[in-house]
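Residue-level listing of the chains:
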Amino acid sequence: MKNAYISGTGYYYPPRVVTNQDLVDQYGIDTSDEWIQKRTGIKARHFADEGVGSAEMGHHAAKMALDNAGIKATELDMILFCTLSPDHTFPGSGVYLQARLECPGVPAMDIRNQCSGFLYGLQTAAALVKSGAAKHVLLVGAETHSAALDLTTRGRGVSSLFGDAAGAVVVSATDEDRGIQHIVLGADGRYGDVLCQKIWDITKRPFIPLDEDGNGVVSPEMMWAHMDGKLVFKNAVEKMITSLAAICWDYKMQVTDLDMVLFHQANLRINQFIQQTMGLDEAKVPSNIERCGNTTAATIPTLLAEQVEQGKVEPGMKMGMAAFGSGFTWGAAYLVW
Ligand code: ACO
């Protein structure tokens with residue numbers, strides 16, 4: 001059986017930076033840099049311009065990952081696109097990315113697992129490669145949150161947290177003793193409504209109410225994301241700790257044996273709490289949330305690509321990853337670089 005390893009990484013942020021103070025000055029939101037930084041660690045985020053969506057940003061990140069892997073898009077056996085902000089309801093953003101990459105025929109699949117999407121995708125990519133069904137899989141996490149945030153004081157509890165970005169990896173087959181060793185995933189759908197953005201209800205006829213002129217009308221409660229922040233915080237801490245500990249238990253390792261741990265970037269306070277509780281050295285736990293906010297499916301691949309670009313990831317390094325998000329869904333991974 002082949003091993004599956006990450007052969008290339010890439011990332012992309014749209015150029016426009018929106019600081020916490022910009023949320024006050026440009027959008028008129030009743031918030032402050034101090035409030036946001038104190039609770040989340042976020043200082044700024046990137047917002048894409050109108051006309052730019054997840055497939056386009058994913059394309060930038062994918063090109064970088066393919067270049068770094070040294071392969072052409074036509075050599076791919078599968079494209080996996082993780083997002084909660086697809087360009088359209090259907091088809092998925094994966095096929096739009098495939099069109100941009102000019103590789104017709106390559107299968108493309110969307111993964112809808114929010115903040116855990118990248119780890120669900122990594123599990124899928126590794127399984128395809130290890131089984132021999134694929135030699136190279138492109139895995140992209142891309143989000144265009146800015147178009148779907150309630151950027152008013154009413155929505156400040158959610159809208160101050162999120163930003164736009166894309167991250168990508170190529171997962172490839174190797175005979176070397178390295179790569180993706182183990183991934184654990186979990187979900188608990190009883191918490192589906194704790195963090196959600198519904199927009200429509202497919203059980204209703206029609207699925208979006210119509211006004212007397214036949215135009216669709218979406219109420220603010222349906223249109224914007226809802227979150228019970230305290231419940232998310234508590235569960236994120238618990239599930240990321242237990243899934244990372246489970247991975248280490250399976251490999252008879254201590255968490256402190258890991259050389260680097262990439263946490264989903266939902267909130268710096270969540271990650272600091274986990275790092276301290278598990279006795280992890282702060283230097284082993286990089287973050288980018290200060291600069292780009294929570295970019296959901298893009299958090300881990302952007303963080304990884306930045307660490308690789310900065311020369312901080314070395315062959316043989318033991319790497320952990322952990323994520324938690326809407327669903328609830330969660331997971332952890334163990335890789336040898
Ligand atoms: N600026 C100023 N005031 C705000 C803001 C803001 N941006 N957002 C909320 N408030 C106000 C609320 O309106 C509320 O005011 P009230 O008491 O007058 O009603 C007050 O602050 C407290 O609101 P809470 O939501 O209770 O604030 P909390 O202390 O829980 O902090 C936060 C909110 C930061 C979201 C926190 O719950 C959290 O970090 N939760 C984790 C969830 C998370 O990170 N989610 C990310 C997405 S999910 C994921 O990726 C895992």
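Note: the structure precedes this text.
Calculation notes
Residues numbered from 1 in each chain as written. Predicted model: local features only at pLDDT ≥ 70, side-chain atom pairs only at ≥ 80, totals over all residues. Heavy atoms only, no water. Helix = DSSP H or I, 4+ residues; strand = E, 2+ residues; numbered from the N terminus. Rg over C-alpha atoms; globule rule 2.2 N^0.38 Å. Buried < 20%, exposed > 50% of the residue type's maximum accessible area, 1.4 Å probe, protein only. Contact = heavy atoms within 4.5 Å. Areas by Shrake-Rupley, 256 points an atom, 1.4 Å probe, with all protein chains shown as cover. Lys, Arg positive; Asp, Glu negative; His and termini not counted. Charge placed at Lys NZ, Arg CZ, Asp CG, Glu CD. Near = heavy atom within 4 Å. Polar contact = N/O pair within 3.5 Å; in protein donor to acceptor, adjacent residues only side chain to side chain. Nonpolar A, V, L, I, M, F, W, Y, C, P; charged D, E, K, R; others polar. Domains from an automatic or database assignment. Core = buried A, V, L, I, M, F, W, Y, C linked by side-chain atoms within 4.5 Å. Pairing = 2+ DSSP bridges. Axes fitted to C-alpha atoms, helices over the stretch in contact; angles between N-to-C directions. Arc of directions from axis to C-beta. Salt bridge = Lys/Arg side-chain N within 4 Å of Asp/Glu carboxyl O. Patch = residues over 30% accessible without salt bridge, like charges linked within 9 Å, V, L, I, M, F, W, Y side chains within 5 Å.

*Asks:* Describe the overall build of the protein, naming the residues involved and giving the relevant values.
*Replies:* Secondary structure summary: the protein contains eleven helices and 13 strands in total. For 337 residues, the compact-globule estimate of 2.2 N^0.38 gives 20 Å, and the C-alpha radius of gyration of the protein, at 19 Å, lies within 12% of that figure. Its C-alpha atoms give the protein principal-axis dimensions of roughly 65 × 45 × 40 Å. Counting only residues that meet the buried cut, the protein has 54% of its 337 residues in that class. Contacts in the protein between residues far apart in sequence, at least 24 positions, make up 78% of those at least 6 positions apart. With the model as given, the accessible surface of the protein reaches about 15000 Å², and the carbon-plus-sulfur share is 52%. Of note, the protein has its 28 positive side-chain charges centred 5 Å away from the centre of its 38 negative side-chain charges.

*Asks:* So what's going on with the site of the ligand? Which residues, and what values?
*Replies:* Every one of the 23 residues lining the ligand counts as a neighbour, but Thr 31, Cys 115, Lys 230, Asn 267 and Asn 294 are closest to it. Residue Gly 229 places a main-chain N or O atom 2.9 Å away from a nitrogen atom belonging to the ligand. Separating an oxygen atom of the ligand from a side-chain N or O atom of Asn 267 is a distance of 2.4 Å. Coverage of the ligand by the protein chains reaches 71% of its 1000 Å² of free accessible surface. Mapped onto the shell around the ligand, the elements with two or more residues apiece are α2 (33-40), α6 (156-159), α8 (229-250) and β12 (318-325). In terms of residues, the shell around the ligand owes the most to one element, α8, which gives four residues. Of the residues that constitute the shell around the ligand, the class distribution is ten nonpolar, nine polar and four charged. Mapping the shell around the ligand onto the domain boundaries places at least three of its residues in each of domain 1 (3-176) and domain 2 (180-192 + 226-336).

*Asks:* Could you give an account of the nonpolar core, with specific residues and numbers?
*Replies:* Of all hydrophobic cores here, the largest spans 34 residues; its most connected members are Leu 122, Val 171, Met 319 and Met 321. With seven residues, the single largest contributor to this core is helix α5 (residues 117-130). Each of domain 1 (3-176) and domain 2 (180-192 + 226-336) contributes no fewer than three residues to this core. Setting aside anything within four residues of it in sequence, one finds Val 171 in contact with Ala 4, Tyr 5, Ile 6, Leu 122, Ala 125, Ala 126, Val 129, Lys 135, His 136, Val 137 and Ile 180. Core analysis: the second largest hydrophobic core is formed by 29 residues, Leu 244, Val 255, Leu 280 and Phe 328 among them.

*Asks:* Which residues make up the sheet that holds strand β5 (residues 108-111), and what values do they have?
*Replies:* Strands sit in the order β1-β7-β6-β4-β5 across an open sheet of five strands; the sheet is mixed. Only two strands of the sheet have a single partner each, and these edge strands are β1 (3-12) and β5. Put simply, the sheet's adjacent strands are angled 20 degrees from each other on average, direction ignored. Bridge analysis of strand β6 (residues 136-143) against strand β7 (residues 165-174) gives eight bridges, and the strand direction is antiparallel. By the bridge assignment for β7, Leu 139 is matched with Val 169. Relative to the sheet, helix α4 (residues 93-101) contacts β4 (78-82), β5 and β6, its axis offset from that of β4 by approximately 130 degrees.

*Asks:* Lay out α4 with the relevant residues and their values.
*Replies:* Where α4 is concerned, the buried positions are Ser 93, Gly 94, Leu 97, Gln 98 and Leu 101. The buried residues of α4 occupy an angular sector of 145 degrees when the element is viewed end-on, so they sit on one face. Buried-residue contacts for α4 involve α3 (54-69), β4, β5 and β6. Directly after α4, the chain includes Glu 102, whose backbone phi takes a positive value near 55 degrees.

*Asks:* Could you give me a rundown of the pattern of salt bridges, with the residues and numbers involved?
*Replies:* Side-chain pairs of opposite charge can arise whenever the charged atoms involved come near each other. Enumeration according to the criterion identifies eleven salt bridges in this entry. Note that Arg 16 is salt-bridged to Asp 49, the shortest N-O span being 3.6 Å. Taken as a pair, Arg 16 in the loop between β1 and β2 (17-19) and Asp 49 in the loop between β3 (44-46) and α3 lie far apart in primary sequence, 33 residues in all.

*Asks:* I'd like to hear about the environment of Leu 128, residue by residue, with values.
*Replies:* Relative to the helices and strands, Leu 128 resides in helix α5. Residues Leu 128 and Met 78 lie 50 residues apart in sequence; the distance between their C-alpha atoms is 8.9 Å.

*Asks:* So what's going on with the pairing of β1? Residues and values would help.
*Replies:* With eight of ten residues buried, β1 lies mostly within the body of the structure. Bridge count for β1 against β7 is nine bridges, and the pairing is antiparallel. Across the sheet, residue Gly 10 finds its bridge partner in β7, namely Ala 168.

*Asks:* Kindly report on a nonpolar patch on the surface, identifying the contributing residues and their values.
*Replies:* Taken together, Ile 199, Trp 200, Ile 202 and Phe 207 make up a surface patch of nonpolar side chains, about 360 Å² in accessible area. By the element assignment, Ile 199 lies in the loop between β9 (195-196) and α7 (220-223).

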